[in-house]
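A structural walkthrough
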Amino acid sequence: ATLSPASKALVGQAQTQRRKGDLPGAAVSLERALRIEPNNPLLWIEMGRLRMDQRNFPQAEAMGRKALAMSVGDSHTQSQAWLLIADAAKARGRNPQAQEALQKSQELSGN
């Protein structure tokens with residue numbers, strides 16, 4: 001999966017906002033990118049990472065699963081989605097599910 005130039009710019013802006021601690025601003029930037037490319041799994045992974053920063057682990061996991069469903073045939077993006085799912089499950093204390101998701105991520109990435 002790849003991002004359009006407009007989405008790429010918005011993701012860059014969101015990442016800068018996240019680094020500065022402006023999580024609400026980052027969410028607005030990512031929501032704008034999602035309006036441009038609602039079916040881009042990379043954007044859902046990015047939004048899931050932001051939800052992790054916001055400690056909204058159930059929503060982060062849901063976004064990882066959404067990205068996974070959208071990235072059929074793209075092992076790199078699927079690996080990133082599984083990693084997000086693993087992180088969200090671990091944050092919720094669901095260690096067996098986290099381990100299983102991490103293993104799927106590693107299999108897809110060739111590690």
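Details of the structure are given in the entry above.
One structure accompanies this document, and this report is about it.

Criteria and thresholds
Residues numbered from 1 in each chain as written. Predicted model: local features only at pLDDT ≥ 70, side-chain atom pairs only at ≥ 80, totals over all residues. Heavy atoms only, no water. Helix = DSSP H or I, 4+ residues; strand = E, 2+ residues; numbered from the N terminus. Rg over C-alpha atoms; globule rule 2.2 N^0.38 Å. Salt bridge = Lys/Arg side-chain N within 4 Å of Asp/Glu carboxyl O. Buried < 20%, exposed > 50% of the residue type's maximum accessible area, 1.4 Å probe, protein only. Axes fitted to C-alpha atoms, helices over the stretch in contact; angles between N-to-C directions. Parallel < 35°, antiparallel > 145°, perpendicular 65-115°, else oblique. Left-handed = near helix turned anticlockwise from the far one by under 90°. Contact = heavy atoms within 4.5 Å. Expected span 1.5 Å × (residues − 1). Polar contact = N/O pair within 3.5 Å; in protein donor to acceptor, adjacent residues only side chain to side chain. Core = buried A, V, L, I, M, F, W, Y, C linked by side-chain atoms within 4.5 Å.

1. Section: the overall build of the chain
- Within the chain, the secondary structure is distributed over six helices and zero strands.
- Shown N-terminal to C-terminal, the secondary structure of the chain runs as helices and strands in the order α-α-α-α-α-α.
- At 13 Å, the chain has a C-alpha radius of gyration in line with the 13 Å of a compact globule built from 111 residues.
- Projected onto its principal axes, the C-alpha coordinates of the chain cover approximately 35 × 30 × 20 Å.

2. Concerning the pattern of salt bridges
- In this structure the tally under the stated criterion is eight salt bridges.
- Two residues, R65 and E61, come together in a salt bridge whose shortest N-O distance is 3.2 Å. Taken together, the residues R65 and E61, both in helix α4 (residues 57-70) and four residues apart, mark about one turn of the helix.
- We classify R65 as partly exposed; its relative accessible area is 40%.
- Assessed through its relative accessible area of 6%, E61 is described here as buried.
- For E61, the salt bridge goes to R94, with nearest N and O atoms at 2.8 Å. With E61 in helix α4 and R94 in the loop between α5 (75-91) and α6 (95-109), this residue pair connects regions lying 33 residues apart in the sequence.

3. Side note on the packing of helix α2 (residues 23-36) against helix α3 (residues 41-53)
- Contact geometry of α2 with α3 gives a least axis separation of 10 Å together with a crossing angle of 165°. Considered as vectors, α2 and α3 are oriented roughly antiparallel to each other. Our pair here, α2 against α3, has a crossing hand that is left-handed. Residues L23, A26, A27, L30, E31, A33 and L34 of α2 touch α3, and the partners they reach there are L43, W44, E46, M47, L50, R51 and D53.

4. Some words on α2
- Compared with the 20 Å implied by 1.5 Å per residue over 14 residues, the 20 Å span of α2 between its first and last C-alpha is a close match.
- The complete set of buried residues in α2 reads L23, G25, A26, A27, S29, L30, A33 and L34.
- Tucked inside the fold, the buried residues of α2 contact α1 (5-19) and α3.
- Sitting at the head of α2, D22 places a side-chain oxygen 2.9 Å from the backbone nitrogen of G25.

5. A short note on the nonpolar core
- Counting 22 residues, the largest nonpolar core has L30, M47 and L50 as the members making the most contacts within it.
- When residues of this core are traced back to their parent elements, those giving at least two are α1, α2, α3, α4 and α5.
- Looking at this core, the element that brings in the most residues is α2, giving six residues.
- The residues touching L30, leaving out its near neighbours within four places in the chain, are V11, A14, E46, M47 and L50.
- The next biggest cluster of nonpolar side chains, apart from the first, holds five residues, and it includes M52, F57, A60 and A88.

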